[in-house]
Amino acid sequence: LPGMLNAEALLELGQHAQSAAAALAALSTLPADPGFDNSTWPPVKYQLSILPLLAISAAHSGARERALEYTKRLEDTSIPFFGSALNKPIKSNSLARAYMAIGDYAKALDNLGSSGLWRIVVGLADVTSPMAYQGQGDTLSTQTELPRLLMLSKALAETGKRDDAKTSLDGLLNASRLKDAGDLYWLAL
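J.: Just checking my understanding: could you explain the overall build of the protein chain for this structure?
T.: Counting secondary structure elements, the protein chain contains ten helices and zero strands. Each helix and strand of the protein chain, ordered N terminal to C terminal, gives the series α-α-α-α-α-α-α-α-α-α. When each of the 189 residues of the protein chain is scored for burial, the buried share is 44%. By sequence separation, contacts in the protein chain at least 24 residues apart represent 57% of the contacts at least 6 residues apart. With an accessible surface of roughly 10400 Å², the protein chain has 56% of that area assigned to carbon and sulfur atoms.

J.: Whenever I open this one, the nonpolar core confuses me. Can you help?
T.: Nonpolar side chains tend toward joint burial in soluble globular proteins. Core analysis: the largest hydrophobic core is formed by 46 residues, its most contacted members being Ile 50, Leu 54 and Leu 172. When neighbours within four sequence positions are excluded, Leu 54 is seen to be in contact with Ala 20, Ala 23, Leu 24, Leu 27 and Tyr 70.

J.: Just checking my understanding: could you explain helix H8 (residues 142-158) for this structure?
T.: Given 3.6 residues per turn, any residue in an α-helix points the same way as the ones three and four places further on. Look at H8: 24 Å from first C-alpha to last across 17 residues, which is about the 24 Å you get at 1.5 Å a residue. When you tally the buried positions in H8, you get twelve out of 17 residues, the bulk of the element. Buried residues of H8: Thr 142, Thr 144, Glu 145, Leu 146, Arg 148, Leu 149, Leu 150, Met 151, Leu 152, Ser 153, Ala 155 and Leu 156, and no others. Phi for Gly 160, located one or two positions after H8, is positive at around 85°.

J.: I would appreciate a short explanation of the environment of Lys 107 in the present structure.
T.: Here Lys 107 is to be found in helix H6 (residues 105-110). In this structure the C-alpha to C-alpha distance between Lys 107 and Leu 95, which are twelve residues apart in sequence, comes to 8.6 Å.

J.: Help me out: how do you make sense of the environment of Pro 52 in this one?
T.: Along the polypeptide, Pro 52 turns up in helix H3 (residues 43-60). By relative accessible area, Pro 52 is classed as buried at 0%. Separated by 47 residues in the primary sequence, Pro 52 and Tyr 99 have C-alpha atoms spaced 9.1 Å apart. Discounting chain neighbours no more than four positions away, the residues touching Pro 52 are Gln 47, Leu 74, Ser 94 and Arg 97.

J.: So what exactly am I meant to see when it comes to the packing of H3 against helix H4 (residues 64-75) here?
T.: If you want to describe how two helices pack, look at the angle between their axes and the distance between the axes. Viewed as axis vectors pointing N to C, H3 and H4 meet at an angle of 165°, and their least axial separation amounts to 7 Å. It follows that H3 is roughly antiparallel to H4 by the angle criterion. Remark: the crossing between H3 and H4 carries left-handed chirality. Across the interface between the two elements, Leu 48, Leu 51, Pro 52, Leu 54, Ala 55, Ala 58 and Ala 59 from H3 touch Arg 66, Ala 67, Tyr 70, Thr 71, Arg 73 and Leu 74 from H4.

J.: When you look at helix H1 (residues 4-12) in this model, what are you seeing that I'm missing?
T.: Of all the residues in H1, the buried ones are Met 4, Ala 7, Leu 10 and Leu 11. Projected down its long axis, H1 carries its buried residues within an arc of 125°, all on one side. For H1, the exposed residues set more than 90 degrees away from the buried face come down to Leu 5 and Glu 12. Just beyond H1, the residue with positive phi is Gly 14, at close to 80°.

J.: Would you mind going over the pattern of salt bridges with me for this structure?
T.: Here the idea is simple: oppositely charged side chains can pair when their charged atoms come close. As enumerated under the stated definition, the model contains four salt bridges in all. Across the pair Asp 76 and Lys 72 runs a salt bridge whose closest N-O atoms are separated by 2.9 Å.

J.: Sorry if this is basic, but what is going on with the side chain of Ser 168 here?
T.: Considering the arrangement of structural elements, one finds Ser 168 in helix H9 (residues 162-173). Using a relative accessible area of 8% as the deciding quantity, one classes Ser 168 as buried. In this structure Ser 168 touches Leu 149, Leu 152, Ser 153 and Leu 156, once residues within four positions along its chain are discounted.

J.: So what exactly am I meant to see when it comes to a nonpolar patch on the surface here?
T.: A surface patch of nonpolar side chains, amounting to about 370 Å² of accessible area, comprises Leu 173, Trp 186 and Leu 189. Relative to the elements of secondary structure, Leu 189 occurs in the segment after helix H10 (182-188). With relative accessibility at 60%, the residue Leu 189 sits in the exposed group.

Conventions adopted
Residues numbered from 1 in each chain as written. Predicted model: local features only at pLDDT ≥ 70, side-chain atom pairs only at ≥ 80, totals over all residues. Heavy atoms only, no water. Helix = DSSP H or I, 4+ residues; strand = E, 2+ residues; numbered from the N terminus. Buried < 20%, exposed > 50% of the residue type's maximum accessible area, 1.4 Å probe, protein only. Contact = heavy atoms within 4.5 Å. Areas by Shrake-Rupley, 256 points an atom, 1.4 Å probe, with all protein chains shown as cover. Core = buried A, V, L, I, M, F, W, Y, C linked by side-chain atoms within 4.5 Å. Expected span 1.5 Å × (residues − 1). Axes fitted to C-alpha atoms, helices over the stretch in contact; angles between N-to-C directions. Parallel < 35°, antiparallel > 145°, perpendicular 65-115°, else oblique. Left-handed = near helix turned anticlockwise from the far one by under 90°. Arc of directions from axis to C-beta. Salt bridge = Lys/Arg side-chain N within 4 Å of Asp/Glu carboxyl O. Patch = residues over 30% accessible without salt bridge, like charges linked within 9 Å, V, L, I, M, F, W, Y side chains within 5 Å.

In structure tokens, the structure reads:
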């Protein structure tokens, strides 16, 4: 999607106003009501990726109210039943990112639980999908689970649950694919 990756890169570079502008441009290309879409990247998945960028950019620019508005919009983003098991963890991580940027670690924790349904879907997908990471020591959930564990560790530490934070961080550091996710690896260290 034009602008989405640019918005992410600009956010990483600390260029919050430019990130927000790129994210808004990307968001404007999406339909208001995405309806049914069974593609790998349905419009709702783009929304779940763009809205936290806007919330984080606003929070880091000192515009807390605007960050809260984007976070509320993210909360209100409806995930259709079809694909919900795969998109729910993305929404949860996105909400956690937004709440952490705002400084509300308790609400971030509310979104960082792991779903039993998610584990079942991942298990089935790993058995049936040629894209699964068979033999690599992980699953299709790696792309959402590693960031979840890092955010969980930080949120637990920030809410005074240091022992739980250490357990979570130890789990992350023991993940076989963490070194392949350089951005997370260096933060976890």
